[in-house]
Amino acid sequence: MKMYKIKLMNKISPKGTQLFGEQYLVGEDQKDEDGILVRSAALHDYEFPQSLKAIARAGAVLIIFLLKNADEQGVVVF
């Protein structure tokens with residue numbers, strides 16, 4: 001079974017993270033992550049790993065810089 005790594009860029013409530021199934025490794029220390037969950041962390045200097053597929057951002061505003069850099073690597077931002 002493939003394991004997916006989800007990096008938490010902020011403290012995210014366990015009420016949400018516990019919804020991930022057993023094929024997910026979720027935490028702030030994940031490397032070569034498949035996904036990122038972020039609330040308010042600055043990602044301007046963050047180098048996206050090649051394994052990254054999606055970034056989930058909580059909040060109404062998506063940073064244009066984040067969208068541009070993610071798009072260049074084919075990463076979905078929502």
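Rules used throughout
Residues numbered from 1 in each chain as written. Predicted model: local features only at pLDDT ≥ 70, side-chain atom pairs only at ≥ 80, totals over all residues. Heavy atoms only, no water. Helix = DSSP H or I, 4+ residues; strand = E, 2+ residues; numbered from the N terminus. Contact = heavy atoms within 4.5 Å. Areas by Shrake-Rupley, 256 points an atom, 1.4 Å probe, with all protein chains shown as cover. Pairing = 2+ DSSP bridges. Core = buried A, V, L, I, M, F, W, Y, C linked by side-chain atoms within 4.5 Å. Buried < 20%, exposed > 50% of the residue type's maximum accessible area, 1.4 Å probe, protein only.

Chemist: Would you mind going over the overall build of the protein chain with me for this structure?
Modeler: A tally of helices and strands in the protein chain yields two helices and five strands. Starting at the N terminus and walking to the C terminus, you meet the elements of the protein chain as β-α-β-β-β-α-β. Taking contacts inside the protein chain between residues at least 6 apart in sequence as the whole, the part at least 24 apart equals 32%. Total accessible area computed for the protein chain in this model is approximately 5300 Å², and 56% of it derives from carbon and sulfur atoms.

Chemist: I'm lost on the sheet that holds strand β1 (residues 4-8) in this one. Help?
Modeler: One key point about sheets: their strands pair by backbone hydrogen bonds, in either a parallel or an antiparallel sense. Spatially, five strands are ordered β2-β1-β3-β4-β5 in an open sheet, and the strand pairing comes out parallel. Two strands bound the open sheet, and with one partner strand each, they are β2 (24-27) and β5 (76-77). Of the strand pairs in this sheet, strand β4 (residues 54-57) and β5 are connected by two bridges, and their pairing is parallel. Bridged to I55 within β5 is V77.

Chemist: Help me understand the nonpolar core in this model?
Modeler: Taken as a class, soluble globular proteins show a tendency for nonpolar side chains to be buried jointly. Formed by I36, V38, L43, F48, L52, I55, A70, V75 and V77, the largest nonpolar core amounts to nine residues. Ignoring any residue separated from it by four or fewer positions in sequence, one finds I36 in contact with K7, M9, Y46, L52, A54, I55 and A56.

Chemist: Would you take a moment to explain the pairing of strand β3 (residues 35-38) for this structure?
Modeler: Each regular strand shows side chains that alternate between the opposite faces of the sheet. Neither face of β3 is exposed, since G35 and L37 on one face and I36 and V38 on the opposite face are all buried. Pairing between β1 and β3: three bridges, direction parallel. Directly across from L8, in β3, lies its bridge partner L37. Of the strand pairs in this sheet, β3 and β4 are connected by four bridges, and their pairing is parallel. The partner of G35 across the bridge, within β4, is A54.

Chemist: Just checking my understanding: could you explain the environment of I36 for this structure?
Modeler: Here I36 lies in strand β3. Under the relative-accessibility criterion, I36 is labelled buried at 2%. For the pair I36 and R57, spaced 21 residues apart in sequence, the C-alpha separation works out to 8.2 Å.

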